Amino acid sequence: MIRKLSSLFLVTLVLSLLSTSIALAETPLPLIPLEVNPYLADDPLGLPEIPLEPQIPGRLESTGIRFCLTDSEYLNISLDSSEPVKLVLESVPEMVAMQLEAASGAGSTSVTLGGFVPLTTYHKYEDDYRNHVAFTTDENGNYFYIQDLSKAHSVFIQPRPSTIFLSDSGWSRDGIGTWDPVTKTATLTSDVFETIQIDSDGITLDGNGHTVTGSGSGSGIYLHGRTGVTVKNATVKGFYIGILLDHSNNNAIVDNVASSNAYGIRVNCSYKNALSGNVQEVNAYTGLTLQYQSSSNTVSNNNAVRNGAWGVFISQSDSCIVEDSSASLNRDGGFYFGASTYSTLTDCISESNRQHGLFLSTMVYGTLSRNTISRNGCGISTLYSAYNKIYNNNFVANGTQSVGVDGWPQSNGFNIGKPSGGNYWSNWTGPDGNGDGFVDKPYYVGRCADYLPWTKPNGWGSNSSDKTAPATIIELFGTPGDNGWYLSDVKVGLTSVDNEGGSGVAKTEYNLDGVNWINCTAPFTISVDGRTTVHYRSTDKAGNVGAVKEQQIGVDKTAPIIDISIPADGGEYSLGENVLAEWTAMDSISGLVLATGTVPSGAPIDTSIVGAHTFTVEATDNAGNHSVKTVTYFVRYEDFRFLPPNTSSAKFGSTIPVKFQIKDASGNFIKDAVAKIYAAKIENGVPGVELEGIPSGSANSGNLFRYDSDGERYIFNLSTKNLSVGTWRVRVELNDGSSKYLETTLR
């Protein structure tokens, strides 16, 4: 259900009535107008601009009866309702989505949607992909229907239908994957190109490394009203929403990749879900979204990178935990908390985001601690947020370190008492006259202050007895081959352990180029053939950095390439012909260890016997990949010639002498060939059923030719008494697998 906006005004009213002298630090903070804050004089960046609320194109949220989108990259949709409704309307490529509920207690409403392509069929779903209605717009691109308002509904419209269902009965379609009814585990065995909707509770969907790919609309993996479901090890791309949980509680989303969708992973009106080890990358808008009272969810070890809006976006959702996660290179910012209470952000990294590292908008009673916010456009922006504890964070080299528009003096606490103190601000590192590790002057964020800013990163851990860097263990998961190579993609897991009594691991990093470090929040995969060197290290919360280790990983998924030029597949060679084999085997990844052929390349192939022959080459590379290639060639008799007399015409009932000669490649007459004779009558140009030739006299046996050594020839005296008047095709079948033909007309 959409949170009532009036609740925000209630929070504002309560906070404005509270004392303006709340003790958030050791020394009271004087009320200093923002425009004359003396401590910003040392900041070369000067006074930053007031932060703006994030705006996502193609989205509106309002209450009323008439709504119109004007900035969509897809369709500018209008909605007219006969009754007041609370509406969230989104229109992105290939998808129009709505969240509707009554604003005045009405049980239903008449809805007219506009802005669609005229006279075009679309597919409307309400809450569930089984609740499907196909409709066609009128000549003006409008569609009218009656919407139930007895409860809140999710409605989504897309240009094409496509859904696979997974329930207690298993897959709705064969060939998708396996199903274990005992454990209720469904495992993909192939890639999928449409939505997977999970229809029963307690199911585990194991993507097994496969990809679920869409065409721009719908959701890749969809849960509505589900509980106890686990979705893991899947890559979802090309959808409006990669993975969507709607009104679904106590589920687990684990080790998935949501890439190149409009939204990566979204949680609507759902609570107590665990989202761990997932990657959200290159999505058009947000990577991970928790919204519409999606409270008490836990986000851990997630990585949101290069998304078009926010890495992690939490709105109107309370008591959410975000930990050990990273958000980097996102356009609008790393982490956003809006209209939320009692949420926490700990041990996270927000770096190199174009605009904001952290953005707090009307966030109350939150805790942000032990995070590193670096190289963002702005480190932290607080907009009308109150009573948040923001301490023991590193703010490093951001374009603007902080912006605060709070409305209430002393409303946020940027430090707690010693020895923990406040935060590290890389542009505010001195003076420290008494050498206690704290800057002597407060650091101001709007009208709030960090009274105990640290002089160095992770200063809160440097005074401890922890002087030992954490240990990092690398684990490789793949199909091992020979000589240290892997025959498959390799999943790399990095596990870090700090010393007993230590400060705990703050982060684990790796790089693949020796330069650019990547925060490791989940196992990553090496899929490129060849050798890749992984450098890795860990840092604890006391600032101890472990030594850089490296692991070389060899991946060779490609078997050796074999080319056989001679003998050619299907090639024909003469009996006794001198033919030299010509073949190659190569492997450009791990290299060849062995290659053998029926005969070596350059050696004569076997042409000593007529008929079909096979020629095989086998090759093995250093990784253990094995290739086999086989071709078939044929050895034939040479210089086959029919001999006189002329057999093109004969009298019915007479004897037709059929004679021929054959030789080998050296011109020698062949004396031991086996030849048979058949005859088929030709009707309308088509030969009929073949008959075995019947000899005239006793010189021939059956339909076999006999060899006449005097004339170096084969002879068969064909009787025509069992034939009939007309044209006949005579076929001579040789034991080299070939046949020769002549026609004769009986009159």
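Just above, that's the structure.
Residues numbered from 1 in each chain as written. Predicted model: local features only at pLDDT ≥ 70, side-chain atom pairs only at ≥ 80, totals over all residues. Heavy atoms only, no water.

The next subject is the pairing of strand β57 (residues 626-636). Bridge count for strand β53 (residues 572-574) against β57 is 3 bridges, and the pairing is parallel. Across the sheet, Ser574 pairs through a bridge with Arg636, a residue of β57. Where strand β56 (residues 611-621) lies against β57, 10 bridges are found, and the strand directions are antiparallel. Bridge assignment links Thr616 to a residue of β57, and that residue is Thr630. (Pairing = 2+ DSSP bridges. Helix = DSSP H or I, 4+ residues; strand = E, 2+ residues; numbered from the N terminus.)

A separate point is unusual backbone geometry. Along the chain, Lys418 connects to Pro419 via a cis peptide bond; the corresponding omega equals 5°. Topologically, Pro419 is positioned in the loop between β40 (400-405) and β41 (424-425). Of note, the phi angle at His247 is positive, near 50°, even though the residue is not glycine. Relative to the elements of secondary structure, His247 occurs in the loop between β19 (241-246) and β20 (252-254). In this model, Asp324 sits at a positive phi of 50°, which is unusual for a non-glycine residue. Here Asp324 shows up in the loop between β29 (321-323) and β30 (326-328). By relative accessible area, which is 28% here, Asp324 ends up partly exposed. (Buried < 20%, exposed > 50% of the residue type's maximum accessible area, 1.4 Å probe, protein only.)

This part covers the environment of Lys456. With respect to the element layout, Lys456 can be found in the loop between β43 (448-450) and α2 (459-462). Between the C-alpha atoms of Lys456 and Thr584, which are 128 residues apart in sequence, the distance is 63 Å.

Once that is clear, we can look at the pattern of salt bridges. Under the definition given, this model contains 23 salt bridges. Linking Glu90 and Arg266 is a salt bridge whose minimum nitrogen-to-oxygen distance equals 2.9 Å. Highlighted residues: Glu90 in strand β2 (residues 78-92) and Arg266 in strand β22 (residues 263-268), separated in sequence by 176 residues. A salt bridge links Arg173 to Glu194, with the nearest nitrogen and oxygen atoms 2.6 Å apart. With Arg173 in the loop between β10 (170-171) and β11 (177-180) and Glu194 in the loop between β12 (185-188) and β13 (195-198), this residue pair connects regions lying 21 residues apart in the sequence. Salt bridges sharing partners connect three or more residues here, namely Arg59, Glu61, Glu90 and Arg266. (Salt bridge = Lys/Arg side-chain N within 4 Å of Asp/Glu carboxyl O.)

With 54 residues, the main nonpolar core has Trp171, Ile198, Leu205, Ile221 and Phe335 as its most contacted residues. Setting aside residues no more than four positions away along its own chain, Leu205 makes contact with Leu166, Trp171, Ala186, Ile196, Ile198, Ile221, Thr230, Val231 and Lys232. If you look at the next biggest cluster of nonpolar residues, it comprises 41 residues, including Ala673, Phe705, Phe716 and Val730. (Core = buried A, V, L, I, M, F, W, Y, C linked by side-chain atoms within 4.5 Å. Contact = heavy atoms within 4.5 Å.)

Moving on: the packing of aromatic side chains. By the definition in use, this model includes 32 aromatic pairs. For the ring pair Tyr573 and Tyr633, a centre distance of 5.9 Å and an interplane angle of 75° mean the geometry is edge-to-face. Here the residue Tyr573 occupies a position in strand β53, and Tyr633 occupies one in strand β57, the gap between them amounting to 60 residues. Taking the centre distance of 5.1 Å and the plane angle of 10° together, the rings of Phe660 and Tyr714 count as stacked. Taken together, the residues Phe660 in strand β60 (residues 655-663) and Tyr714 in strand β65 (residues 713-719) connect sequence positions 54 residues apart. (Phe/Tyr/Trp six-rings, centres within 6.5 Å; stacked < 30°, edge-to-face > 60°.)

Once that is clear, we can look at the layout of surface pockets. Space inside the largest pocket adds up to approximately 1100 Å³. Taken together, 37 residues make up the lining of the largest pocket; nearest its centre are Val257, Val279, Pro523, Phe524 and Thr525. Counting only elements with at least two residues in the lining of the largest pocket, the list comes to β21 (257-259), β24 (279-281), β27 (303-305), β30, β33 (349-351), β48 (518-519) and β49 (524-526). A breakdown of the residues in the lining of the largest pocket according to their chemical character gives 14 nonpolar, 16 polar and 7 charged. (1 Å grid on protein atoms, 1.4 Å probe; cavity = no way out; pocket = protein on both sides within 12 Å on 5 of 7 lines; lining within 4 Å. Points joined across faces, edges and corners; volume = space filled by probe spheres on them. Nonpolar A, V, L, I, M, F, W, Y, C, P; charged D, E, K, R; others polar.)

It is worth spelling out the side chain of Ser72 at this point. Tracing the chain through its elements places Ser72 in the loop between β1 (59-68) and β2. In terms of polar contacts, Ser72 uses its side chain to reach the backbone carbonyl oxygen of Leu75, at 3.3 Å. Here Ser91 takes part through its backbone oxygen, which lies 2.8 Å from a polar atom of the side chain of Ser72. The residues touching Ser72, leaving out its near neighbours within four places in the chain, are Gly58, Ser91 and Val92. (Polar contact = N/O pair within 3.5 Å; in protein donor to acceptor, adjacent residues only side chain to side chain.)

As a further point, take empty space enclosed by the protein. One pass over the full model with this rule turns up 3 cavities of 30 Å³ or more. Space inside the largest cavity adds up to approximately 140 Å³. Lining of the largest cavity is provided by 17 residues; of these, Ala97, Gln99, Leu244, Arg266 and Asn268 occupy positions nearest its centre. At the level of secondary structure, the elements contributing two or more residues to the lining of the largest cavity comprise β2, β3 (95-102), β8 (153-158), β16 (219-224), β19 and β22.

What follows is about the sheet that holds β30. Strands sit in the order β15-β18-β21-β24-β27-β30-β33-β36-β39-β41 across an open sheet of 10 strands; the sheet is parallel. Edge positions in the sheet fall to β15 (211-213) and β41, since each has one partner strand and no second. Sheet topology note: the β21/β24 ladder contains 3 bridges and is parallel. Residue pairing across strands places Ala258 opposite Gln280, the latter belonging to β24.

On to the sheet that holds strand β38 (residues 389-391). The pairing of strands in a sheet comes from backbone hydrogen bonds and takes either a parallel or an antiparallel form. Overall, mixed pairing links the 11 strands, which are arranged β11-β12-β14-β17-β20-β23-β26-β29-β32-β35-β38 in an open sheet. The two strands at the open ends of the sheet, each matched to only one other strand, are β11 and β38. In this sheet, adjacent strand axes meet at a mean angle of 10° when their direction is disregarded. Note: β12 against strand β14 (residues 204-206), 3 bridges, orientation parallel. Its bridge partner lying in β14, Thr185 is registered against Thr204. (Axes fitted to C-alpha atoms, helices over the stretch in contact; angles between N-to-C directions.)

When you line up the elements, Thr616 lands in strand β56. On the basis of relative accessibility, which here comes to 21%, the residue Thr616 falls in the partly exposed class. Here Thr616 is in contact with Thr596, Gly597, Thr598, Val628, Lys629 and Thr630, once residues within four sequence places are set aside. Side-chain polar atoms of Thr616 contact the side chain of Thr630, separated by 2.9 Å.

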